[in-house]
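Next come the chains, spelled out residue by residue.
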Amino acid sequence: MSERATPFHCPYCGDEDLRPTEEADTPGAWLCAACRRVFTVKLVGLSFPEGAR
């Protein structure tokens, strides 16, 4: 899967001015223009309540 997950706001400050960045050690990272933090979005998995299967 090569699609980049698109966040709608910064998880740290809540600002919406996000830009994709290609840091050498963090592919698929986003830069928040307000707080200058660089972060990634990662899906860990799905969780279902017991007995829902």
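Use the structure listed above.
All values derive from a computational prediction rather than experimental measurement.

*Asks:* Please give an account of the sheet that holds strand 1 (residues 18–21) that cites residues and values.
*Replies:* Across the sheet, which stays open at both edges, the three strands sit in the order 1-2-3 with antiparallel pairing between neighbours. Each end of this open sheet is capped by a strand with a single partner; those strands are strand 1 and strand 3 (38–39). As paired strands, strand 1 and strand 2 (residues 29–32) are joined by four bridges and run antiparallel to one another. Counted as the bridge partner of Arg 19 is Leu 31 from strand 2.

*Asks:* Describe unusual backbone geometry, listing the residues and the values that go with them.
*Replies:* Glycine aside, negative phi is the norm for most residues, and most peptide bonds take the trans geometry. The backbone of Arg 36 sits at a positive phi, close to 65 degrees, despite the residue not being glycine. Secondary-structure assignment places Arg 36 in the loop between strand 2 and strand 3.

*Asks:* I'd love a proper account of the pattern of salt bridges, names of residues and values included.
*Replies:* Throughout the structure, instances matching the rule amount to one salt bridge. For Arg 19, the salt bridge identified is with Asp 17, shortest N-O distance 3.1 Å. Arg 19 sits in the partly exposed class, given a relative accessible area of 41%.

Scoring rules and cut-offs
Residues numbered from 1 in each chain as written. Predicted model: local features only at pLDDT ≥ 70, side-chain atom pairs only at ≥ 80, totals over all residues. Heavy atoms only, no water. Pairing = 2+ DSSP bridges. Helix = DSSP H or I, 4+ residues; strand = E, 2+ residues; numbered from the N terminus. Salt bridge = Lys/Arg side-chain N within 4 Å of Asp/Glu carboxyl O. Buried < 20%, exposed > 50% of the residue type's maximum accessible area, 1.4 Å probe, protein only.

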